[in-house]
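# Chains, contacts and geometry: an overview
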Amino acid sequence: MNQIKIGAFISDCRKAKGWTQNQLGEKLGITDKAVSKWETGRSMPDLSLFMPLCSLLEITLNELLAGEHISEENLKEKTEKILLEVITNWLGSDKWELRDDGIEAKNVLEVRNVSKIYNTENTSTLAVDSVSFQIPYGSFVGIMGASGSGKTTLLNLIATIDTPTNGTIEINGQDIVDLSEIDKAKFRREHLGFVFQEYNLLETLTIYENIALALTVKEIPKNKIKQIVLNLSERLDISTILNKFPYEVSGGQRQRCACARAVSVNPDIILADEPTGALDSNAAKQLLDTFTMLRNDYGATILMVTHDVLSASYCDQILFMKDGKIKTALNRKQESKQAFFTSILEKMAWIAGDENNVL
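Below is a summary of the structure that appears in this document. (Residues numbered from 1 in each chain as written. Predicted model: local features only at pLDDT ≥ 70, side-chain atom pairs only at ≥ 80, totals over all residues. Heavy atoms only, no water.)

Attention now moves to the sheet that holds strand 6 (residues 192-196). Taking strand neighbours across the sheet as the criterion, the 6 strands line up as 6-7-8-3-9-10 in an open arrangement whose pairing is mixed. For this open sheet the edge positions go to strand 6 and strand 10 (325-331), each flanked by a neighbour on one side alone. Pairwise comparison of adjacent strand axes, ignoring direction, gives a mean angle of 20° for this sheet. The sheet contact formed by strand 9 (residues 317-322) and strand 10 spans 6 bridges and is antiparallel. Paired with Met-321 across the bridge in strand 10 is Ile-326. (Pairing = 2+ DSSP bridges. Helix = DSSP H or I, 4+ residues; strand = E, 2+ residues; numbered from the N terminus. Axes fitted to C-alpha atoms, helices over the stretch in contact; angles between N-to-C directions.)

Encoded structure:
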């Protein structure tokens, strides 16, 4: 899949419509800078924008991904070739690595019958509806759902940022629901790691200092902090930027710094909220490879909220949310990322079809 060719094709189609980059951006609800990045081959459109973009430019998805108009007689051949390229180029060709250390995995997270109701003067909104699930240590679990499905609210409840109306949440055996605000802050520092879409790094601190700060707050001895930071930065390929400030490095490097900061304190679980949302496709792939490495090599447990199928295909398990409920779950088992990607698409189509049917 040629990103530069696709960008040039988008540019040609836009110009044929007589639109500026700003006009196309307004129609899609994005900035003209994002359109410029597509057209110069520096990034790809977000997956959620593929179909709206195709509709506006009056092209098919296959033509978009091929970067050219496709004649009817070549459609089938081109379609199969494009699909294979998209999946293979983005996901690679790895196979599932079975982890078997002879120890039965215990649950790091247990959510039982959790609900969240937001009340205003005139209305009540049920954002999370009687949700229950468990996550074993060393798992990489994703939560998927449309905007408004409740996935971010659920993550905030687990992160102790918000409090459930009903139900219990246990992390490493501790019920976090009834903790005081002071105890919640202490719990977040000592037991949770966070990776956000917008990095949340301190711009006045260097990359080294951002990572070290989390260890300092946890009162790790100073002589140990340096070695932890150096070891992690080498594994995450950010050793050469430790003395730079966040505004001096790329988005992908900032996110890898956030990953180092999150895992440095050896948290019970890392919570990631749309972590690839602000990254281009290459940086997103690097970040997801980093998550996989943290899971495999450091035994990290990761819970990631995402709307992106490609990102979700890196997970061990996907929980699908709709209307505040977990509608279904999908386990990767021993599938490759490519096969799991296809399974996720099929499950999403089933959920969409279920929405359109009256039972």
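Here we come to a nonpolar patch on the surface. A contiguous nonpolar surface patch, about 230 Å² in accessible area, is contributed by Leu-202, Leu-213 and Val-217. Tracing the backbone through its elements, the reader meets Leu-202 in the loop between strand 6 and helix 9 (207-217). (Patch = residues over 30% accessible without salt bridge, like charges linked within 9 Å, V, L, I, M, F, W, Y side chains within 5 Å. Areas by Shrake-Rupley, 256 points an atom, 1.4 Å probe, with all protein chains shown as cover. Salt bridge = Lys/Arg side-chain N within 4 Å of Asp/Glu carboxyl O.)

Taken together, 4 strands build an open sheet; the order of strands is 2-1-4-5 and the sheet is antiparallel. What marks the edges here is a single partner per strand, and that holds for strand 2 (124-136) and strand 5 (174-175). Pairing geometry for strand 1 (residues 107-119) and strand 2, over 9 bridges, is antiparallel. Looking at the pairing, Asn-107 lines up with Pro-136 of strand 2.

The way to describe two aromatic rings as a pair is by their centre distance and the angle between their planes. One pass over the structure, following the stated rule, counts 3 aromatic pairs. Between Phe-140 and Phe-291 the ring centres are 5.8 Å apart and the planes differ by 70°, which places this aromatic pair in the edge-to-face class. In this pair, Phe-140 sits in strand 3 (residues 140-144) while Phe-291 sits in helix 12 (residues 281-298), placing the two residues 151 residues apart along the sequence. In this structure Phe-291 comes out as buried when scored by relative accessible area, which is 0%. (Phe/Tyr/Trp six-rings, centres within 6.5 Å; stacked < 30°, edge-to-face > 60°. Buried < 20%, exposed > 50% of the residue type's maximum accessible area, 1.4 Å probe, protein only.)

With that out of the way, let us pick up the side chain of Ser-36. Within the fold, Ser-36 resides in helix 3 (residues 32-39). Each residue touching Ser-36, except ones within four places of it in the same chain, is listed here: Gln-21 and Arg-42. (Contact = heavy atoms within 4.5 Å.)

Attention shifts here to the side chain of Thr-276. Within the secondary structure, Thr-276 sits in the loop between strand 7 (269-273) and helix 12. Look at Thr-276 and you get buried, because its relative accessible area is 10%. A distance of 3.4 Å separates polar atoms of two side chains, one belonging to Thr-276 and the other to Ser-311. Ignoring sequence-local partners within four residues, the contact set of Thr-276 consists of Ala-284, Leu-287, Leu-288 and Ser-311. (Polar contact = N/O pair within 3.5 Å; in protein donor to acceptor, adjacent residues only side chain to side chain.)

Right, let's get into the environment of Ile-318. As for its position among the elements, Ile-318 is in strand 9. With a relative accessible area of 0%, Ile-318 lands in the buried category. Leaving out residues up to four positions away in the same chain, Ile-318 has contacts with Gly-142, Met-144, Ala-312, Thr-328, Ala-329, Leu-330, Phe-340 and Ile-344.

In terms of nonpolar packing, the biggest core is built from 48 residues, with Phe-291 and Ile-344 touching the most fellow members. With 7 residues, helix 12 is the single largest residue contributor to this core. In terms of nonpolar packing, the next biggest core, distinct from the first, is built from 29 residues, Leu-109, Leu-192, Val-305 and Leu-319 among them. (Core = buried A, V, L, I, M, F, W, Y, C linked by side-chain atoms within 4.5 Å.)

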